[in-house]
There are 2 protein chains.
Amino acid sequence: MNGKISIVGLGPGNVEDMTPRARAAVESADVIAGYKTYINLIPELVAGKKIIATAMMQEIERAQLAIAEAQKNFSVAVISSGDAGIYGMAGLVIEKILELPKEVQPKFEVIAGISAVNSAAAILGAPLMHDFAVISLSDLLTDWELIKKRVECAAVGDFVIALYNPKSKKRVANIEEVQKILLKHKDKKTPVGIVTNAGRDGEKKIISTLENFTQEEINMFSLVLIGNSKTFVKNNFMITPRGYEKKILV
Amino acid sequence: MNGKISIVGLGPGNVEDMTPRARAAVESADVIAGYKTYINLIPELVAGKKIIATAMMQEIERAQLAIAEAQKNFSVAVISSGDAGIYGMAGLVIEKILELPKEVQPKFEVIAGISAVNSAAAILGAPLMHDFAVISLSDLLTDWELIKKRVECAAVGDFVIALYNPKSKKRVANIEEVQKILLKHKDKKTPVGIVTNAGRDGEKKIISTLENFTQEEINMFSLVLIGNSKTFVKNNFMITPRGYEKKILV
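Quick summary incoming for the structure in this document. (Residues numbered from 1 in each chain as written. Chains lettered and ligands numbered in written order. Predicted model: local features only at pLDDT ≥ 70, side-chain atom pairs only at ≥ 80, totals over all residues. Heavy atoms only, no water.)

1. Observations concerning the interface of chain B and chain A
Contacts between the two partners involve 75 residues from chain B and, on the opposite side, 75 residues from chain A. Between chain B and chain A, the buried area comes to about 6,600 Å², and carbon and sulfur atoms account for 58% of it. The largest contributions to the chain B side of the interface with chain A come from Leu141(B), Arg150(B) and Tyr244(B), which together make up 12% of the buried area. At the junction of chain B with chain A, the criterion picks out six salt bridges. Residue classes in the side of chain B that touches chain A are distributed as 36 nonpolar, 19 polar and 20 charged. Two elements, strand β7 (residues 132-136) of chain A and strand β7 (residues 132-136) of chain B, share three bridges in a ladder whose sense is antiparallel. Bridging across to β7(B), Val134(A) finds its partner in Phe132(B). (Contact = heavy atoms within 4.5 Å. Buried area = accessible area lost by both parts, 1.4 Å probe. Salt bridge = Lys/Arg side-chain N within 4 Å of Asp/Glu carboxyl O. Nonpolar A, V, L, I, M, F, W, Y, C, P; charged D, E, K, R; others polar. Pairing = 2+ DSSP bridges. Helix = DSSP H or I, 4+ residues; strand = E, 2+ residues; numbered from the N terminus.)

Structure representation (structure tokens):
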């Protein structure tokens, strides 16, 4: 007999932006597994539960501990901030479950959440009204050459570009290399929005340009959104038009 | 004196996946504006309110009617399914507000929701663990040549690719052209997930391959997710590994 694992996206971190489905999965769980910072976002929902709070870079251990609890017939919620399905824990947990013999696999479900790209866009205005590419600049698990290639492809395709993990304490130069690649293909005045701590204490919104944005404060809690060739800024809002007006005029 | 417009993403369409912030904005509004199909998703939340239910393709009229109500000091919720900030109503409403003289501009806010790409990914397993591109195949507002160029760039960059509006009654050949472009750059066995009516009655999940997926049922309520070169299928789940194992072995 096995328990169930819910892999839950909390959204930005406040209960107002967490879906009822996500909240119910956390509240009904016996065990909560997640990165400490995320568990600390929802103290009132996890009080009294068994907590498996591992540090960053201990994702495999966290997934295996969660599975072991479910195999003991406990109900487990593995939490990520944002959407567990976007750079979150969903993939690793499912991989580890499916590696097991069928008879000892716990049941599982993924519960989507509001990801950083959704939260940041809402704060900036409407930058994602047209096609967009989502790229993580973290080279811990991905070759830097591949990341740069993707940035270049997204620029050539005139996508709006959302950068996750744009900068960390140890990794400060990547964002400047990305800027150089983008400047080869995009106008230097292209609007760039930076949202830090979206939906959390200390939320900050900056609107800059492609030539200047790397001078702004960017950290591991920032999401950077680079406009396409049609994106404009008005009254400090960033808008990518979808083209309704053009169609009316044609 | 002016009222306020909340531009609200409902998520897939059931209250379990709608954030408390979105629900509160709908419940507290005097006036609800939106495409009829979306209003019909939440009859219990809009009962007794003034409804501005316009048809598809009447987005400009809908935005202007919503603004006029807010200028009469009513509280207005303009609703989109999914995330109002992703191919939703946010851009047009903000554009129309900011065109007005400052003294008659209503206040506004965008409330993010679970978009189709998030919902579909959760149902398919974990296909979005790595960089992805989101592309709408609707050529009503976008030149088809630009759409094809973006598909090609996303394929060259080995992005996971999410296709919104993959097919409608009038537009059936675009998806086959897209398939041909992708086959130039991606293995024909690349996993493709199709989720129709995610989170609604009649939800359906299909996992196919790049060479075969256009033979499956795809309609305007479908989201198509095409894997990257690492995406695999196991036990009918679609997973794009992020690379934890590789890093451990290195």
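2. Describing unusual backbone geometry
Even without glycine at this site, Asn236(A) takes up a positive phi of about 65°. Tracing the backbone through its elements, the reader meets Asn236(A) in the loop between β12 (232-234) and β13 (237-239). Look at Asn236(A) and you get partly exposed, because its relative accessible area is 44%. Notably, Asp158(B) is not glycine yet its phi reads approximately 55°, a positive angle. Summarising the element assignment, Asp158(B) is placed in the loop between α7 (144-156) and β8 (160-164). What makes Asp158(B) buried here is its relative accessible area of 17%. (Buried < 20%, exposed > 50% of the residue type's maximum accessible area, 1.4 Å probe, protein only.)

3. Some words on the pairing of strand β8 (residues 160-164) of chain A
Residues and elements named next belong to chain A. In terms of burial, β8 is largely enclosed, as five of its five residues are buried. Here β8 shows two buried faces, one formed by Val160, Ala162 and Tyr164 and the other by Ile161 and Leu163. As a crossover connection, the stretch from β7 through helix α7 (residues 144-156) into β8 is right-handed. Summarising the sheet, β8 and strand β11 (residues 222-226) pair through three bridges and their orientation is antiparallel. Across the sheet, the residue bridging to leucine 163 is valine 224, located in β11. (Right-handed = clockwise from strand over helix to strand, strands pointing away.)

4. Some thoughts on the environment of Lys169(B)
Residues and elements named next belong to chain B. Summarising the element assignment, lysine 169 is placed in the loop between β8 and α8 (174-185). For lysine 169, a relative accessible area of 86% puts it in the exposed group. Taking the C-alpha atoms as reference points, lysine 169 and methionine 220, 51 residues apart in sequence, are found 8.1 Å from one another.

5. Some details on the sheet that holds strand β9 (residues 191-196) of chain A
A sheet is described by the order of its strands in space; here 10 strands give the open sequence β10(A)-β9(A)-β11(A)-β8(A)-β7(A)-β7(B)-β8(B)-β11(B)-β9(B)-β10(B), paired in mixed fashion. Among the strands making up the open sheet, the edge pair consists of β10 (204-209) of chain A together with β10 (204-209) of chain B. Averaged over all pairs of adjacent strands, the angle between their axes in this sheet comes to 15°, without regard to strand direction. Looking at chain direction, β9(A) and β11(A) are connected through five bridges and run antiparallel. Bridge pairing links Gly193(A) to Leu225(A) in β11(A). (Axes fitted to C-alpha atoms, helices over the stretch in contact; angles between N-to-C directions.)

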